[in-house]
Amino acid sequence: MTKYIITTGGVISGLGKGLVSASIAKILQVYGYDVTNVKIDPYVNIDAGTMNPFEHGEVFVLDDGGEVDMDLGTYERFLNQNLSRKHNITTGKAYKTVIDKERKGDYLGKTVQIIPHVTDVIKDRIKEVGKGKDIVVVEIGGTVGDIESMPFLEAVRQLHFEEGSENVLFMHVTLVPTMSVVGEQKTKPTQHSVKRLLESGIQPDILIARSTSPLHKKTKEKIARFCNTHVDDIISDPDADSIYEVPLLMEKEKLGEKVTKKLGLKKGKPLSSWKKLVEKKIKAKGRITVALAGKYTALNDSYVSVLEALKHAAMEIGCKVDVLWLETSDLEKDKKKLKDLDKVHGLIVPGGFGSRGVEGKIAAIDYVRNNDIPFLGLCYGFQLAAVGFAREKCGLNGAHTTESDEKTKHPIICILPEQHQITDMGATMRLGSWPCEIESGTLAYKVYGKELVNERHRHRYELNPDYIEILEKNGLKFSGRAPDRPIMEILELPEHPFFLATQFHPEFLSRLEEPSPPFVGFVEACLRRKIK
Ligand code: GLN
């Protein structure tokens, strides 16, 4: 019988519920259980594909092309598991199912209501993911008390009632602020948030308290008294240096033991292999600085997967990475700023959309190409590397991507013919996992060590096949291609210490336990670079 752990959040958003959910899942996976995660997003969007990363963080992409909440990236990175779009349930998806059914007449004249019809769909979707699994950790996004999350809380209340307390466990992540003057840990926000949860018929079994430092015994006792939760079931979740330490911190508080006991399961092996990986980073030797050129550089959340992939590669190699954010619109205003690149070990130009900052990105790529500074281009980074090369090395003045200049004389990057007709925003992109053939003897082959890889995509434009010949004749090498169509997937410059760009997003498949090969290759090249 599948067991369910439901994670809710209180007081404020951004408490790291995703991290707590991924951590408990990891602990239970190490114990030997078949575990997976589900994220519930109470927004009305069908998926995250149409959402601005500035507002909601990175859009994460799955193998099946699902454009989902960035928490799914955290789950995959912790569990080293490929999830599907079924693992992200939104209000939009739940209502769409109900409305489609209603239009087909499937409700046979009944009044269609939030309870039971919408809540039934939510429960069915959760159970569908749970089929054949030992444990599903279901994270409910948002904060308890939000109007949007009410149908979801009601659905999990029913799930608990139907499946029984031994099969459904509630974990509530809350905030315990410390008043800086007196250093006192305040419990009132937690008390209020648990009250809101109780109004929905949910008594939390375990409370996870985010705080700057571990909870004092007195604080735990006070929370226990007011929240009806045993003092042993209140877990401290203090700030950690690295997200990958969180499962270890939770295990130290015996979270896995408490959860398994409540669910009638056995505790398993300790987290020693995970601990080894995390400690490798702590013992890190060597340090590099990588410039990241982008548009949303003020927000780490917009580039989570790239940053994590960099960390994985660095942890594998045993070095530390500092990131220098380059706001590319500034580079356009002041070309002297390109000199900042002399002081870094490498440049990453990640994915992006639209024309803001594009000339700055091209200038940065040209600069590292001409100065032997390691470069990794991801999606837009691939496209703009080709544009810069065409302009400078092939004499194709005015070359561009039609995304930025529709009337360019040399459309090096253009829209795929099959994407022309589509008007539904959710369907205009090449999404998800696609195969790529790698030519042996190339840098790409050295990096991957194999001839066929599958990587995840999210783009509307492609390298224009009409320009392959002239680009290659002038020294650019397309070392990775789609097996069946003239779609260029990887480019490189054989004469350069490390100049590699991919049309796909290797960062989406990078895991602590299995770092992404292009990132590992790039970090190694950065370590080799001597800065004068
Ligand atoms: N804007 C480009 C495209 O749509 C690149 C997308 C990306 O970087 N994810 O093709």
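From a predicted model like this one, the values you see are computed outputs, not experimental measurements.

Peer 1: Explain the sheet that holds strand S21 (residues 477-481) to me, please; I cannot follow it from the model alone.
Peer 2: The strands that make up a sheet pair up through hydrogen bonds in the backbone, lying either parallel or antiparallel. Strand order in the open sheet made by the 9 strands is S13-S12-S14-S15-S23-S22-S21-S18-S19, with mixed pairing throughout. Both edges of this open sheet fall to strand S13 (320-327) and strand S19 (452-459), since each of them pairs with a single strand only. Strand-to-strand twist in this sheet, taken as the mean axis angle between neighbours without regard to direction, amounts to 30°. Taken together, the 3 bridges between strand S12 (residues 287-294) and strand S14 (residues 346-349) define a ladder with parallel strand orientation. Across the sheet, residue Leu 292 finds its bridge partner in S14, namely Ile 348.

Peer 1: Even after reading the chapter, I still don't get the site of the ligand, so can you show me in this structure?
Peer 2: Neighbouring the ligand are Gly 351, Gly 352, Phe 353, Cys 379, Tyr 380, Gln 383, Glu 403, Arg 458, His 459, Arg 460, Tyr 461 and His 505. Gly 352 has a polar backbone atom sitting 2.8 Å from a nitrogen atom of the ligand. The contact in question runs from a nitrogen atom of the ligand to an N or O atom on the backbone of Arg 458, over 2.8 Å. In the complex, 99% of the free accessible area of the ligand, which totals 290 Å², lies under the protein chains. Counted by class, the shell around the ligand contains 4 nonpolar, 5 polar and 3 charged residues.

Peer 1: I keep staring at the packing of aromatic side chains and nothing clicks. Help me out?
Peer 2: To describe a pair of aromatic rings, you give the distance between the ring centres and the angle between the ring planes. Within this structure, the stated rule accounts for 7 aromatic pairs. When the ring of Phe 375 is compared with that of Phe 499, the centres are 4.7 Å apart and the planes differ by 40°; the resulting orientation is tilted. Taken together, the residues Phe 375 in strand S15 (residues 375-378) and Phe 499 in strand S23 (residues 499-502) connect sequence positions 124 residues apart. Just as Phe 375 is buried, Phe 499 falls in that class too. When the ring centre of Trp 434 is taken as reference, the NZ or CZ atom of Arg 430 above it lies at 4.9 Å.

Peer 1: How should helix H4 (residues 91-103) be read in this particular structure?
Peer 2: Each full turn of the α-helix corresponds to 3.6 residues, which orients residues three or four apart in the same direction. Spanning 13 residues, H4 covers 18 Å between terminal C-alpha atoms, matching the ideal 18 Å at 1.5 Å per step. Taken together, the buried positions of H4 are occupied by Thr 91, Gly 92, Lys 93, Ala 94 and Val 98. Residues of H4 that are buried make contact with strand S2 (35-41), strand S5 (88-90), helix H5 (114-130) and helix H6 (150-163). Looking one or two residues past H4, Gly 105 carries a phi angle of roughly 80°, positive in sign.

Peer 1: Could you clarify how one ought to interpret H5 in this entry?
Peer 2: With 17 residues, H5 extends 23 Å between its outermost C-alpha atoms, agreeing within 8% with the 24 Å of an ideal straight helix rising 1.5 Å per residue. Among all positions of H5, only His 117, Val 118, Thr 119, Val 121, Ile 122, Lys 123, Ile 126, Val 129 and Gly 130 are buried. Contact partners of the buried residues in H5: strand S1 (3-9), S2, S5, H4, strand S6 (135-140) and H6. Gly 132 occupies a position one or two residues after H5 and carries a positive phi of about 80°.

Peer 1: Honestly, the side chain of Arg 369 in this entry has me stumped. Any pointers?
Peer 2: Relative to the elements of secondary structure, Arg 369 occurs in helix H14 (residues 358-370). Residue Arg 369 is classed as buried on the basis of its relative accessible area of 5%. With sequence-adjacent residues up to four places away left out, Arg 369 is seen in contact with Gly 388, Phe 389, Glu 392, Lys 393, Leu 493, His 496 and Phe 499.

Peer 1: When you look at the pattern of salt bridges in this model, what are you seeing that I'm missing?
Peer 2: Pairing between side chains of opposite charge can happen when their charged atoms approach one another. Inspection of the entire model under this criterion finds 37 salt bridges. Between Lys 39 and Asp 41 there is a salt bridge, and its shortest N-O distance comes to 2.9 Å. Residue Lys 39 is classed as buried on the basis of its relative accessible area, which comes to 4%. A salt bridge links Lys 339 to Asp 342; the shortest N-O distance between them is 3.8 Å. Residues participating in the shared-partner salt-bridge network are Lys 39, Asp 41, Asp 69 and Asp 71.

Peer 1: I'm lost on the sheet that holds strand S20 (residues 461-463) in this one. Help?
Peer 2: Taken together, the 3 strands give an open sheet; going across it, the order is S16-S17-S20, and neighbouring strands pair in mixed fashion. Strands at the two margins of the open sheet, each flanked by one partner only, are strand S16 (399-401) and S20. With strand direction ignored, the average angle separating the axes of adjacent strands in the sheet is 25°. Sheet strands in contact with helix H15 (residues 380-393) are S16, strand S17 (410-415) and S20, and its direction is about 165° off that of S16.

Peer 1: Can you walk me through the UniProt feature "binding site: UTP" (unreviewed entry) in the chain in this structure?
Peer 2: Per the UniProt record, "binding site: UTP" (unreviewed entry) is found at Ser 13, Lys 186, Thr 187, Lys 188, Pro 189, Thr 190, Gln 191 and Lys 222. For the residues just named, distributed over 210 residues, the greatest C-alpha separation reaches 23.2 Å, placing them at more than one site. Mapped onto the elements of the fold, Lys 188 is located in helix H7 (residues 188-199). Mapped onto the elements of the fold, Pro 189 is located in helix H7. What makes Pro 189 partly exposed here is its relative accessible area of 24%. Apart from residues lying up to four places away in sequence, Pro 189 is in contact with Val 11, Leu 175 and Pro 177.

Peer 1: Sorry, what's going on with a positive patch on the surface here?
Peer 2: On the surface, Lys 188, Lys 195, Lys 218, Lys 222 and Arg 225 cluster together to form a positively charged patch. Among the elements of the structure, H7 and helix H8 (217-227) are those that each provide at least two residues to the positive patch. Counting residues per element, the positive patch draws most heavily on H8, which supplies 3 residues. Its location among the elements puts Arg 225 in helix H8.

Conventions adopted
- Residues numbered from 1 in each chain as written.
- Predicted model: local features only at pLDDT ≥ 70, side-chain atom pairs only at ≥ 80, totals over all residues.
- Heavy atoms only, no water.
- Pairing = 2+ DSSP bridges.
- Helix = DSSP H or I, 4+ residues; strand = E, 2+ residues; numbered from the N terminus.
- Axes fitted to C-alpha atoms, helices over the stretch in contact; angles between N-to-C directions.
- Near = heavy atom within 4 Å.
- Polar contact = N/O pair within 3.5 Å; in protein donor to acceptor, adjacent residues only side chain to side chain.
- Areas by Shrake-Rupley, 256 points an atom, 1.4 Å probe, with all protein chains shown as cover.
- Nonpolar A, V, L, I, M, F, W, Y, C, P; charged D, E, K, R; others polar.
- Phe/Tyr/Trp six-rings, centres within 6.5 Å; stacked < 30°, edge-to-face > 60°.
- Buried < 20%, exposed > 50% of the residue type's maximum accessible area, 1.4 Å probe, protein only.
- Lys NZ or Arg CZ within 6 Å of the ring centre and 35° of its normal.
- Expected span 1.5 Å × (residues − 1).
- Contact = heavy atoms within 4.5 Å.
- Salt bridge = Lys/Arg side-chain N within 4 Å of Asp/Glu carboxyl O.
- UniProt positions renumbered as here; feature names shortened; annotations may be inferred.
- Patch = residues over 30% accessible without salt bridge, like charges linked within 9 Å, V, L, I, M, F, W, Y side chains within 5 Å.
- Lys, Arg positive; Asp, Glu negative; His and termini not counted.
- Charge placed at Lys NZ, Arg CZ, Asp CG, Glu CD.

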